[in-house]
Amino acid sequence: GLLLAAPSLPAQTTIAQGAAVSFGSSAHANLVQDGAGRLYALLLEDQPNADRALALQVSFDGGVTWNRLPTILNDATSGLVGPNLTNNAACAIDDQGTLHVTWAAHYYPSYYAQYYRSCDPLSGVCSPIVDVTSLQGASNSARNAAMAIAVDAANTVWLVAQSTSAWVEHLLRSTQPYAAGGTFASVGAISPSASSQTSRIAIDAQGLVHCAYYRNVSPGIYEHRAYDPQ
């Protein structure tokens, strides 16, 4: 039948093993491909000294084999070192093969912190870390599950971000293509009222940013809303 006529797929392969804790419970996307076909997998990796590294694996053969890259994306001030270890992360890739990564420490009920940086995975050169929580003027007690990132055709970086109000996620856009300079501006709350939680974003051919999100109002509502950058 059709299945027999399809090209054979590689067998199940191991990306990483050991004390790894995957990508987090509310992460959006963690596997991306560059223009040359290289695959990159973002993962959280527990270390023997109790640190938790935000690390990258690369595959040059379509996912058959994987290799750990030396770059560690988080640092001692952004979840590498406890007590509030990184426990969520998501990534996107631009047309130059640069990764755009957001990660967070989400600990109910009292500690929430979110970060961003870009990184050339092959050279290991990364931008400075942006403290998204501070950028938004939010406190670490502002509860959220923001963990989504996307890059549009103009290489604007879009980010779901924590805000000053609990469970109200904002949509941020980089002020320059490729997020040069590491500056972002909020275009506002994703939901026009009440909460917006675990928001997911996708960008269509016209550049509209589509947001799907959960609103914790009776009986519990999952909604869609689109933002037009023009």
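As shown above, the structure is provided for reference.
Each chain has its residues counted from 1, following the order in which its sequence is written. In keeping with the model being predicted, local features are shown solely for residues with a pLDDT of at least 70 and side-chain atom pairs are shown and tallied solely at 80 or more, while totals for entire chains, interfaces and linings include all residues. Hydrogen atoms and water are omitted, and side-chain values are computed over all heavy atoms in the structure.

1. Let's talk about the side chain of S174
Part 1 of the argument: Secondary structure elements are defined from DSSP: runs of H or I of at least 4 residues count as helices, runs of E of at least 2 residues count as strands, and each element is numbered from the N terminus. Here S174 shows up in strand 11 (residues 170-174).
Part 2 of the argument: Engagement of the side chain of S174 in a polar contact is seen with the backbone oxygen of Q176, the distance being 2.9 Å. Any N or O atom pair separated by 3.5 Å or less is treated as a polar contact, with the protein-specific requirement of one donor-capable and one acceptor-capable atom, and with residues adjacent in sequence counted only for side-chain atom pairs.

2. Some thoughts on the pairing of strand 15 (residues 221-227)
Part 1 of the argument: Note on pairing: two strands pair once DSSP finds at least 2 bridges between them. In this structure, strand 14 (residues 209-215) lies alongside strand 15, joined through seven bridges in antiparallel fashion. Note on strand 15: the bridge partner recorded for V209 is Y227.
Part 2 of the argument: Taken together, strand 14 and the strand that follows it, strand 15, pair antiparallel across an intervening segment of five residues, in which G220 is found at a positive phi of about 100 degrees.

3. Side note on the sheet that holds strand 3 (residues 52-59)
Part 1 of the argument: Strand order in the open sheet made by the four strands is 1-2-3-4, with antiparallel pairing throughout. Looking at strand neighbours, the two that pair on one side only are strand 1 (31-33) and strand 4 (67-72), the edges of this open sheet. Across this sheet, the average inter-strand angle for adjacent strands is 35 degrees, counted without regard to direction.
Part 2 of the argument: As paired elements, strand 1 and strand 2 (residues 39-46) share three bridges and run antiparallel to each other. Counted as the bridge partner of L31 is A41 from strand 2. As a rule, the C-alpha atoms of each element are fitted with a line to give its axis, helices using only the stretch in contact, and angles between N-to-C directions run from 0 to 180 degrees.

4. Some remarks on the pattern of salt bridges
Part 1 of the argument: Any Lys or Arg side-chain nitrogen found within 4 Å of a carboxyl oxygen on Asp or Glu counts as a salt bridge. This model, assessed by the stated rule, comprises four salt bridges.
Part 2 of the argument: A salt bridge links D34 to R38, with the nearest nitrogen and oxygen atoms 2.7 Å apart.
Part 3 of the argument: Exposure categories follow from relative accessible area, calculated using a 1.4 Å probe and restricted to protein chains: below 20% of the type maximum is buried, above 50% is exposed, and the middle band is partly exposed. Classification of R38 as partly exposed rests on a relative accessible area of 24%.
Part 4 of the argument: Notably, a salt bridge pairs R215 with E223, separated by 3.1 Å at the nearest N-O pair.
Part 5 of the argument: Look at E223 and you get partly exposed, because its relative accessible area is 22%.

5. Remarks on the packing of aromatic side chains
Here the distance between the centres and the angle between the planes together describe a pair of aromatic rings.
Part 1 of the argument: Centres within 6.5 Å make a pair out of two Phe, Tyr or Trp rings, where for Trp the six-membered ring is used; the pair is then stacked when the planes are under 30 degrees apart, edge-to-face when over 60, and tilted otherwise. For the structure on display, the rule yields four aromatic pairs.
Part 2 of the argument: Where Y112 meets W167, the ring centres are 6.3 Å apart and the plane angle is 75 degrees; that geometry is what we call edge-to-face. Of this pair, Y112 sits in strand 7 (residues 111-119) while W167 sits in the loop between strand 10 (157-161) and strand 11, and the two are 55 residues apart along the sequence.
Part 3 of the argument: For Y112, a relative accessible area of 2% corresponds to the buried category.
Part 4 of the argument: Ring geometry for Y116 against F184: centres 4.9 Å apart, planes inclined by 75 degrees, an arrangement best described as edge-to-face. Remark: F184 occurs in strand 12 (residues 184-189) and Y116 occurs in strand 7; sequence separation between them is 68 residues. In this pair, the class of Y116 matches that of F184, namely buried.

6. Observations concerning the sheet that holds strand 11
Part 1 of the argument: Pairing is antiparallel in the open sheet, where four strands are placed in the order 9-10-11-12. Across the chains shown, the open sheet's two edge strands, defined by having one partner strand only, are strand 9 (149-151) and strand 12. Pairs of neighbouring strands in the sheet enclose a mean axial angle of 25 degrees, with direction left out of account.
Part 2 of the argument: Bridge count between strand 9 and strand 10: three bridges; the pairing is antiparallel.

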